[in-house]
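# Remarks on the overall topology
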Amino acid sequence: YYKFNINPFENYLWTGKAEYKANKDLTFSAEPYFWYGYGTGGGQIQTLTESNSPSQLNGGIRDINGDGDTLDRVMVYGSSLTRTYRPGITLKTNWRMDNHNMLAGYWYERARHIQTGPRVLMDSNGNTADQWLRDEANYLRWQNGQPVQARNWLTISTGSSLFLQDNISLMQDKAQLQLGLRNSSVRRDFSNFVNLSTPFFPATAGATADVDYKVDKTYSKLLASVGARYNLNPESHVFFNAAENFKAPANFSFSPIVVGGSIVNGVRTGYTLRDPSVQPETSLNMDLGYRLATDAWTFSGSIFYNDFKNRIATSNNPDTNTRTDFNVGSVTMKGLELEAGYKLNANWVLYGSASFTRSEMIDDLQWSPATALLPATVLPTAGKVLPDTPRWLGGLSANYANGPFFGSIQAKFQGRVYSTLVNDEQADGYTQVNATLGYRFGNMGMFKNTQIQMNVSNLFNEQYLRINSPSGSSFSTNAITVNGIAGSAPTYYVSAPRFTSVTFRTDF
């Protein structure tokens, strides 16, 4: 039902920049920013089971439907609610000396991320008491009076990066060498407050989040990069780049981690906390290629190789809209990327791109550790393709402009992708065609660069399935039973039908 998938969200972004030029070769700059976001995500139709017992969390859930008992399972409106305050600043210094152009800087951010999962009443017509879930007075309650939450997290993420880069011009500007070094650090100060969160990744089966606890972890790494370019002539050059990267685990790794114990008088006792086992991901990324740019032609071709250690995969639980991070070990990705553009005449420009990627997981995934009685259980992922990694991608577009009129048509192809770590289920490839047509009015009084544009997405109403969306991946580990490990079906997103919209733009 569409009213249960609206996902209202609002964003506000403030940015600024101050720059001081000491002389023609030395400048200083500061770029502060603040981002605020509030809204919901995931499907909003949920169910809650009423209860009233000291063996239930917080004494159980109060009478929801008002029939005088606590015996029912009731459909309610609820979602994953997010409120984020994200201030930060980047400080930079640029200094030119002889054939060197040096950049040094520091980035700092301290984000406060509040993630909850409240539930409110809805009626038989699908109307909810509070679509935005803003008013806590509408939240359904446990017997002790506290709001029912499917998750209840506060994460303070502090990120910083100290970086230095030197662009060196050589051979009378025929060659350029870029050297870089940065130290990146991320601290996750995570607080879990009593909630109903349960695990999605079966390796953590039995874990809960119905206890207040904290996890405070810091991840940091010194990263180097090098890039080189050689100009063959004024229109073409060859290039090479190599860079180290790292990715810190998200806060989804930190809940649920409560293991064992029992609930007495509404409170869990006798439990232990599992140590979040997700390690930071590191990678070495390299590419070698050639670029050409003439009056009529543009072309770029490159080969790439990426080597990941402790690759982080994210699996999504659409029922609770929570995600689980876990390491899948070493992964390599290598392939080829090509793109070309051609200007037919003053009105028409053609563009095409294609890429081939071969990914391979190197290690089997340990599912459960060995015990005194049983050997370790593993998923046979070695040699498999990483989910949601198409081997082939391609695109074609034609762009038209003639006086005030403009338009384009684009076709995008994605090859098949596997939807499980063991590659026992896949989503077929598809091609989607989009088109635009517009008219530029130019300047009209206080309105500048005014234009109107019609957009048609999925022009031929192509039907296909995807395992990803802007909210994150939703693949599973295995679709059928493997090595005694029960399968879990991947969740797919259904393609949107043909959609037509009109946009109006102006500057003032």
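Residues numbered from 1 in each chain as written. Predicted model: local features only at pLDDT ≥ 70, side-chain atom pairs only at ≥ 80, totals over all residues. Heavy atoms only, no water.

### Details of the overall build of the protein chain
The secondary structure content of the protein chain amounts to 0 helices and 32 strands. Seen along its three principal axes, the alpha-carbon backbone of the protein chain occupies a region of about 80 × 60 × 50 Å. Evaluated residue by residue, the protein chain yields a buried proportion of 40% over its 508 residues. Look at the contacts in the protein chain between residues 6 or more apart in sequence, and 67% of them connect residues 24 or more apart. Across the protein chain, the 43 positively charged side chains and the 41 negatively charged ones have centroids separated by 5 Å. (Helix = DSSP H or I, 4+ residues; strand = E, 2+ residues; numbered from the N terminus. Buried < 20%, exposed > 50% of the residue type's maximum accessible area, 1.4 Å probe, protein only. Contact = heavy atoms within 4.5 Å. Lys, Arg positive; Asp, Glu negative; His and termini not counted. Charge placed at Lys NZ, Arg CZ, Asp CG, Glu CD.)

### Observations concerning the pairing of strand 11 (residues 236-247)
Here 8 bridges tie strand 10 (residues 213-233) to strand 11, and the two strands are oriented antiparallel to one another. Across the sheet, Asn231 pairs through a bridge with His237, a residue of strand 11. Taking the residues between adjacent antiparallel strands as the criterion, strand 10 and strand 11 are bridged by 2 residues. Sheet topology note: the strand 11/strand 16 (residues 281-293) ladder contains 12 bridges and is antiparallel. (Pairing = 2+ DSSP bridges.)

### Regarding the pattern of salt bridges
A full pass over the atoms with the stated rule returns 13 salt bridges. Between Arg268 and Asp210 there is a salt bridge, with the nearest N and O atoms lying 2.8 Å from each other. Here Arg268, found in strand 14 (residues 267-269), pairs with Asp210, found in the loop between strand 9 (175-192) and strand 10; they are 58 residues apart in sequence, far enough to count as distant. Judged by its relative accessible area of 8%, Asp210 falls in the buried class. We note a salt bridge from Asp307 to Lys309, for which the minimum N-O separation is 3.7 Å. Via salt bridges that share partners, Lys17, Glu19, Glu31 and Lys92 belong to a single interconnected network. (Salt bridge = Lys/Arg side-chain N within 4 Å of Asp/Glu carboxyl O.)

### Re unusual backbone geometry
Cis geometry marks the peptide bond from Ser255 to Pro256, where omega comes out at 0°. Within the secondary structure, Pro256 sits in the loop between strand 11 and strand 12 (258-259). Although it is not a glycine, Asp98 sits at a positive phi angle of roughly 55°. Position of Asp98 relative to the elements: it lies in the loop between strand 6 (80-97) and strand 7 (100-120). Judged by relative accessible area, Asp98 falls into the exposed class, the value being 77%. In this model, Asn423 sits at a positive phi of 60°, which is unusual for a non-glycine residue. Mapped onto the elements of the fold, Asn423 is located in the loop between strand 26 (417-418) and strand 27 (426-427).

### Some remarks on a nonpolar patch on the surface
Among the surface-exposed residues, Leu437, Phe441, Met444, Met446, Phe447, Ile452, Met454, Val502, Phe504 and Phe508 lie close enough to one another that they form a single nonpolar patch of about 1,000 Å² accessible area. For the nonpolar patch, the secondary structure elements donating two or more residues are strand 28 (430-444), strand 29 (447-457) and strand 32 (499-507). The residue Leu437 is located in strand 28 in this model. Residue Leu437 is classed as exposed on the basis of its relative accessible area of 52%. (Patch = residues over 30% accessible without salt bridge, like charges linked within 9 Å, V, L, I, M, F, W, Y side chains within 5 Å. Areas by Shrake-Rupley, 256 points an atom, 1.4 Å probe, with all protein chains shown as cover.)

### Observations regarding the packing of aromatic side chains
The tally for this structure, following the rule as stated, stands at 18 aromatic pairs. With centroids separated by 5.2 Å and ring planes inclined at 50°, the aromatic side chains of Tyr36 and Tyr85 adopt a geometry described as tilted. Placement of Tyr36 in strand 3 (residues 26-41) and of Tyr85 in strand 6 is noted, with a sequence separation of 49 residues between them. The exposure class of Tyr85 is partly exposed, given its relative accessible area of 29%. Their ring planes at 75° and their centres at 5.9 Å tell us that Trp153 and Phe252 sit as a pair that is edge-to-face. Within this pair, whereas Trp153 is found in strand 8 (residues 149-170), its partner Phe252 is found in the loop between strand 11 and strand 12, the two being separated by 99 residues in sequence. Overall, Trp153 belongs to the buried group, its relative accessible area being 1%. Put simply, the rings of Tyr12, Trp14, Phe34, Tyr36 and Tyr85 pair up and form one aromatic cluster. We note Arg291 situated over the ring of Phe239; from NZ or CZ to the ring centre the distance is 3.9 Å. Against the face of Phe308 rests Arg311, its NZ or CZ located 4.2 Å from the ring centre. (Phe/Tyr/Trp six-rings, centres within 6.5 Å; stacked < 30°, edge-to-face > 60°. Lys NZ or Arg CZ within 6 Å of the ring centre and 35° of its normal.)

### So, the environment of Thr116
Here Thr116 shows up in strand 7. Overall, the relative accessible area of 12% leaves Thr116 in the buried class. As a C-alpha pair, Thr116 and Phe4 span 112 residues in sequence and 17 Å in three-dimensional space. Each residue touching Thr116, except ones within four places of it in the same chain, is listed here: Ser79, Ser80, Leu81, Gln149, Arg151 and Asn152.

### A short note on a positive patch on the surface
A cluster of basic residues, Lys334, Arg358, Arg391 and Arg416, forms a positive patch on the protein surface. Looking at where Arg358 falls in the secondary structure, it is placed in strand 21 (residues 348-361).

### What to know about the confidence of the model for the protein chain
Chain-level pLDDT for the protein chain is 91 on average; 95% of the residues reach the 70-or-more range. For residues 317-322, every residue scores under 50 in pLDDT, and the model assigns this stretch 12 contacts once sequence neighbours within four places are set aside. (pLDDT = per-residue confidence, 0-100.)

### A closer look at the nonpolar core
Within soluble globular proteins, side chains that are nonpolar tend to cluster in buried spots. Core analysis: the largest hydrophobic core is formed by 19 residues, its most contacted members being Phe326, Val328, Val331, Met361, Leu379, Leu421 and Phe475. Mapped by element, the contributors of at least two residues to this core are strand 20 (331-343) and strand 22 (365-368). Setting aside residues no more than four positions away along its own chain, Met361 makes contact with Val328, Ser330, Val331, Thr381, Ala382, Gly383, Lys384, Val385, Leu386 and Leu421. Of all hydrophobic cores here, the second largest spans 14 residues; its members include Trp153, Val186, Val211 and Phe246. (Core = buried A, V, L, I, M, F, W, Y, C linked by side-chain atoms within 4.5 Å.)

### Some points on the environment of Asn167
For Asn167, the location among the structural elements is in strand 8. Given the relative accessible area of 27%, Asn167 is considered partly exposed. As for Asn167 and Ala228, which are separated by 61 residues in sequence, their C-alpha atoms are 9.5 Å apart. Once residues within four sequence positions are removed from consideration, Asn167 is found in contact with Asn99, His100, Asn101, Leu177 and Gln178. Within the local environment of Asn167, its side chain forms a polar contact with the side chain of Gln178, the two groups lying 2.8 Å apart. (Polar contact = N/O pair within 3.5 Å; in protein donor to acceptor, adjacent residues only side chain to side chain.)

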